[in-house]
Amino acid sequence: MHEAPPTPSPTSPAVPAEPLSHGLKQRHLTMLGLGGVIGAGLFVGSGAGIAVAGPAIVVSYLIAGALAMLVMRMLGEMSAAMPASGSFSVHAERALGRWAGFSVGWLYWFLLVVVLAVEATAAAQIAHGWVPGVEPWAWVLLFMVVFTVANLTAVKNFGEFEFWFASLKVGAIVVFLVLGGLAVFGLLPDTDPVGMTNLTGQGGFLPNGWSGVVSGVLTVVFAFGGLEVVTIAAAETDDPARAVGRAVRSALVRILFFYVGSMLVIVTVLPWTAQQAGLSPYVKVLDAIGVPSAGQIMNIVVFVALLSALNANLYGSSRMIFSLAERGEAPRGLLKVSGGGADGSSGQAGGVPRRAVLASVAFGFVSVLLNLLWPDTVFLYMLNSVGAVLLFVWALIAASQLRLRARLEQEAPDALALRMWWFPYLTWVTLAGLLGVLLLMLTDDAARPQVLWSAGATALVLLVAVGREWREHRARRDL
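Predicted model, so just to flag it, every value in this text is computed and none were measured.

## Let's talk about the overall build of the chain
A count of helices and strands for the chain gives 19 helices and zero strands. Since a compact globule built from 479 residues should have a radius of gyration of about 23 Å, the 22 Å found for the chain is in line with a globular shape. By its C-alpha atoms, the chain is 80 × 50 × 45 Å across when sized along the principal axes. Looking at the chain residue by residue over its 479 residues, the buried ones come to 55%.

## Some thoughts on a nonpolar patch on the surface
A cluster of nonpolar side chains, W137, L141, V145, V149, F365, L369, L372, L373, W374 and V378, forms an exposed patch at the surface whose accessible area comes to about 910 Å². Secondary-structure assignment places L372 in helix 15 (residues 354-373).

## With respect to the packing of aromatic side chains
Taken as a whole, this structure holds 18 aromatic pairs when the rule is applied. Taken together, a centroid distance of 5.1 Å and an interplanar angle of 70 degrees make the contact between W130 and F303 edge-to-face. With W130 in helix 6 (residues 98-130) and F303 in helix 14 (residues 294-326), this residue pair connects regions lying 173 residues apart in the sequence. Consider the rings of F161 and F165, whose centres lie 5.9 Å apart with planes at 35 degrees: the pair is tilted. Separated by four residues within a single helix, F161 and F165 lie in helix 8 (residues 155-184), roughly one turn from each other.

## Topic: the side chain of S360
Considering the arrangement of structural elements, one finds S360 in helix 15. Owing to a relative accessible area of 0%, S360 belongs among the buried residues under this scheme.

## Some details on the packing of helix 4 (residues 57-81) against helix 10 (residues 209-220)
Remark: helix 4 packs on helix 10, axes separated minimally by 8 Å, with the N-to-C direction vectors making an angle of 50 degrees. Here helix 4 is positioned oblique relative to helix 10, judged by the angle of their axes. The way helix 4 lies across helix 10 gives a crossing that is right-handed. Here I57, V59, S60, Y61, I63 and A64 of helix 4 come into contact with helix 10, specifically with W210, G212, V213, G216, V217 and V220. Broken down by class, the residue content of the contact of helix 4 with helix 10 amounts to nine nonpolar, three polar and no charged.

## Quick notes on the pattern of salt bridges
Tallied over the entire structure, the rule returns nine salt bridges. Across the pair E160 and R27 runs a salt bridge, and its minimum N-O distance is 2.3 Å. Taken together, the residues span a long stretch of sequence, with E160 in helix 8 and R27 in helix 1 (residues 26-35) at a distance of 133 residues. Look at E160 and you get partly exposed, because its relative accessible area is 25%. Taking the shortest distance from any N to any O, the salt bridge between R327 and E93 comes out at 2.9 Å.

## Details of unusual backbone geometry
F423 connects to P424 through a cis peptide bond whose omega is 0 degrees. Note on placement: P424 falls in the loop between helix 17 (389-411) and helix 18 (425-443). Of note in this structure, S293 is not a glycine but carries a positive phi near 55 degrees. The phi dihedral of W422 is positive, around 45 degrees, even though this residue is not glycine. Residue position: W422 is located in the loop between helix 17 and helix 18. W422 gets classed as exposed once you look at its relative accessible area, which sits at 68%.

## Let's talk about the environment of R468
Positionally, R468 belongs in helix 19 (residues 448-478). For the pair R468 and G171, spaced 297 residues apart in sequence, the C-alpha separation works out to 48 Å. Not counting residues up to four positions away in its chain, the partners in contact with R468 are R98, F102, G328 and E329. At a separation of 3.2 Å, a polar atom in the side chain of R468 contacts the main-chain carbonyl oxygen of G328.

## Considerations on the packing of helix 6 against helix 16 (residues 378-385)
If you want to describe how two helices pack, look at the angle between their axes and the distance between the axes. Packing of helix 6 against helix 16 leaves a shortest axis separation of 9 Å and a crossing angle of 135 degrees. By the angle class used here, helix 6 and helix 16 are oblique. As helix 6 packs across helix 16, the resulting crossing turns out to be left-handed. Seen from helix 6, the contacting residues are F110, V114, A117 and V118; seen from helix 16, they are F379, M382, L383 and S385.

Thresholds applied
- Residues numbered from 1 in each chain as written.
- Predicted model: local features only at pLDDT ≥ 70, side-chain atom pairs only at ≥ 80, totals over all residues.
- Heavy atoms only, no water.
- Helix = DSSP H or I, 4+ residues; strand = E, 2+ residues; numbered from the N terminus.
- Rg over C-alpha atoms; globule rule 2.2 N^0.38 Å.
- Buried < 20%, exposed > 50% of the residue type's maximum accessible area, 1.4 Å probe, protein only.
- Patch = residues over 30% accessible without salt bridge, like charges linked within 9 Å, V, L, I, M, F, W, Y side chains within 5 Å.
- Areas by Shrake-Rupley, 256 points an atom, 1.4 Å probe, with all protein chains shown as cover.
- Salt bridge = Lys/Arg side-chain N within 4 Å of Asp/Glu carboxyl O.
- Phe/Tyr/Trp six-rings, centres within 6.5 Å; stacked < 30°, edge-to-face > 60°.
- Axes fitted to C-alpha atoms, helices over the stretch in contact; angles between N-to-C directions.
- Parallel < 35°, antiparallel > 145°, perpendicular 65-115°, else oblique.
- Left-handed = near helix turned anticlockwise from the far one by under 90°.
- Contact = heavy atoms within 4.5 Å.
- Nonpolar A, V, L, I, M, F, W, Y, C, P; charged D, E, K, R; others polar.
- Polar contact = N/O pair within 3.5 Å; in protein donor to acceptor, adjacent residues only side chain to side chain.

Listed below in structure tokens is the structure:
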């Protein structure tokens, strides 16, 4: 382990030394932070947000992005001070108790392996469109096998995959921003300056009022999920504290720039009424400015984004369940790592938690099977049960930071290399914002089932966590 907890709970089991390798480089972590949240939710899902908010989707992204940025700053503070492969699960245990670490760890693992099925299935549908002779299930199998092998061999393979995937996604957005900006000012061939017409026409900047902005926030906030993997991956770098600090600082502002900048270009180049939910607004803009084969180009970008997310989720889920096993919250057999040495340093593939990878991919395969067989029943219930889990995870990150920051300032102030802004006020603002999003989801007919099912799944995990602690307390009392 890199840092001992400031004041470990007397009931918490000792955490062994981290046996994972340190094969990730700073460039891997930086690009993971940049590309981790640039996925299909941005390239395709943003159309639904524009349809409800109009040009004010820019404000929706600013609000959602600010919320994500605050959460990541808190998480970065804790991860820089106390790096661990379990990241926020470890922090929650240290701050709030074993029940919190157990609950947030298992909920996040379940979230990743369920979403993994959505990504694998969506990527398979795109590939099937290119090669109709190969059935979607065969593509799913191929993707799962390829990324399982990549995650089993060496962590640097995961890092390289994500580096190039993220580079392609970031490059695509940069090109889009340049072309869109030129189109706005009429600097492309056969184009006239667009001006501000599309921002102020068609009902104005707020065609659906502030309620449209709020609906837009509900639509886009989950697109920022995935940033958390940066702090999980930081534990497998040579200098975790420095690496996570640099990754968080560099990623947050740039991600806001890519998201908000993209939306501003989209609603400036075309009227917001031209967008449709389910269709990529990027394709619409590229078609409008005369880019040939825009649809196929974006299909390639979305395909890469889905594979990138699949790879990152498999990595994140394996490290989370490994960390749970490390703390006695998952089967100890998952602690086995490749390499031969306890430090995982021998061999190119040393320090890889192969059993944790296989456990995660096994459940991922089950999720994919359920998605292929019963997408509108069994899998839909599973998907709803994790629909709001990200918000619960973010709330626990904020609650953990409130406790740990005060403790660190007293016991190890030098460890605070990266500090949360205006503590504790912005932390409380973030918690209030997350609660507000959840309450708004309860008032939305489409989002309400996600909150209710996710709350049920969370209650079930909490019940198991509390039951385990009660049994352990009773066993100690009877000794």
